[in-house]
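Residues per chain, in single letters:
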Amino acid sequence: MGIQIEFNPDLCLRAFGTQGRLLEECLPEKLEKKVYAFVKRGLRNFYLLGEIPLRETKGNGELSRPMASVLILEYRHKLDKKNNPFTKGLYKIIESYDANDSQIHFEGFEKT
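Since the model is a prediction, treat every value here as computed from it, not as a measurement. (Residues numbered from 1 in each chain as written. Predicted model: local features only at pLDDT ≥ 70, side-chain atom pairs only at ≥ 80, totals over all residues. Heavy atoms only, no water.)

Chemist: Sorry if this is basic, but what is going on with the side chain of Thr87 here?
Modeler: The topology assignment puts Thr87 in strand β8 (residues 85-96). Within the structure, Thr87 has its side chain in polar contact with the backbone oxygen of Gly42 (distance 2.8 Å). At 3.0 Å, the side chain of Thr87 forms a polar contact with the backbone nitrogen of Arg44. Apart from the residues within four sequence positions on either side, Thr87 is in contact with Phe38, Val39, Lys40, Gly42, Leu43, Arg44, Phe46, Tyr75, Arg76 and His77. (Helix = DSSP H or I, 4+ residues; strand = E, 2+ residues; numbered from the N terminus. Polar contact = N/O pair within 3.5 Å; in protein donor to acceptor, adjacent residues only side chain to side chain. Contact = heavy atoms within 4.5 Å.)

And the structure:
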């Protein structure tokens, strides 16, 4: 038996108001330049030394183009009441992008 942990190069959250999801598992209704809380199931590691893309996920690896550039301010691993691990933290929106924007904003870990 091993320890399952995931390394995430981006922060992927569900659409605002997704049924059956906590508010912190979803994107904010409006992307404003402020600090938001997030929660992800499982043990995850995020890059802390620079901006990463914020994306919408529909699950099973189906991701949107970057919607914003964010800084992960902090995160920690916890167990819920059923002993399931999750990752909880804070992120700050630095810049948001128009949905019809075709410009490339990230190349790997580098913001362009």
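Chemist: Looking at this model, I keep getting lost on the environment of Pro85. Mind explaining?
Modeler: Along the chain, Pro85 turns up in strand β8. Once the C-alpha coordinates of Pro85 and Gly42 are considered, the two residues, 43 residues apart in sequence, prove to be 5.0 Å apart. Excluding residues that lie within four positions of it along the chain, Pro85 makes contacts with Arg41, Gly42, Leu43, Lys78 and Leu79.

Chemist: Looking at this structure, how should I read the pattern of salt bridges?
Modeler: Charged atoms that come close allow side chains of opposite charge to pair. For the structure shown, the criterion picks out six salt bridges. Note that Glu25 is salt-bridged to Arg41, the shortest N-O span being 3.4 Å. Note that Glu25 is positioned in the loop between β2 (11-13) and β3 (35-41) and Arg41 in strand β3, a separation of 16 residues in sequence. Look at Glu25 and you get buried, because its relative accessible area is 9%. The structure contains a network of salt bridges with shared partners spanning Arg21, Glu25 and Arg41. (Salt bridge = Lys/Arg side-chain N within 4 Å of Asp/Glu carboxyl O. Buried < 20%, exposed > 50% of the residue type's maximum accessible area, 1.4 Å probe, protein only.)

Chemist: For this particular structure, what's the right way to read the state of the cysteines?
Modeler: Linking two cysteines covalently via their sulfur atoms produces the bond known as a disulfide. One pass over the structure, following the stated rule, counts zero disulfides. In this structure Cys12 is a free cysteine whose sulfur lies 13 Å from that of Cys26, the closest cysteine sulfur available. (Disulfide = S-S within 2.5 Å.)

Chemist: Even after reading the chapter, I still don't get unusual backbone geometry, so can you show me in this structure?
Modeler: When glycine is set aside, most residues are seen to have a negative phi, and most peptide bonds are trans. Positive phi is not limited to glycine here, since Asn60 has a value of about 55°. Examined against the element boundaries, Asn60 turns out to sit in the loop between β5 (52-59) and β6 (62-63). Backbone geometry places Asn83, a non-glycine residue, at a positive phi of 65°. Tracing the sequence through the fold places Asn83 in the loop between β7 (68-79) and β8. A relative accessible area of 57% places Asn83 in the exposed class.

Chemist: Can you walk me through the layout of surface pockets in this structure?
Modeler: To find leftover empty space, one rolls a probe the size of a water molecule over the atoms. By volume, the largest pocket amounts to about 300 Å³. In terms of lining, the largest pocket is formed by 18 residues, of which the most central are Cys12, Arg14, Lys40, Arg44 and Thr57. Those elements giving two or more residues to the lining of the largest pocket turn out to be β1 (6-8), β2, β3, β4 (44-46) and β5. In terms of residue count, β3 provides more of the lining of the largest pocket than any other element does, three residues in total. For the lining of the largest pocket, the residue count by class is five nonpolar, five polar and eight charged. (1 Å grid on protein atoms, 1.4 Å probe; cavity = no way out; pocket = protein on both sides within 12 Å on 5 of 7 lines; lining within 4 Å. Points joined across faces, edges and corners; volume = space filled by probe spheres on them. Nonpolar A, V, L, I, M, F, W, Y, C, P; charged D, E, K, R; others polar.)

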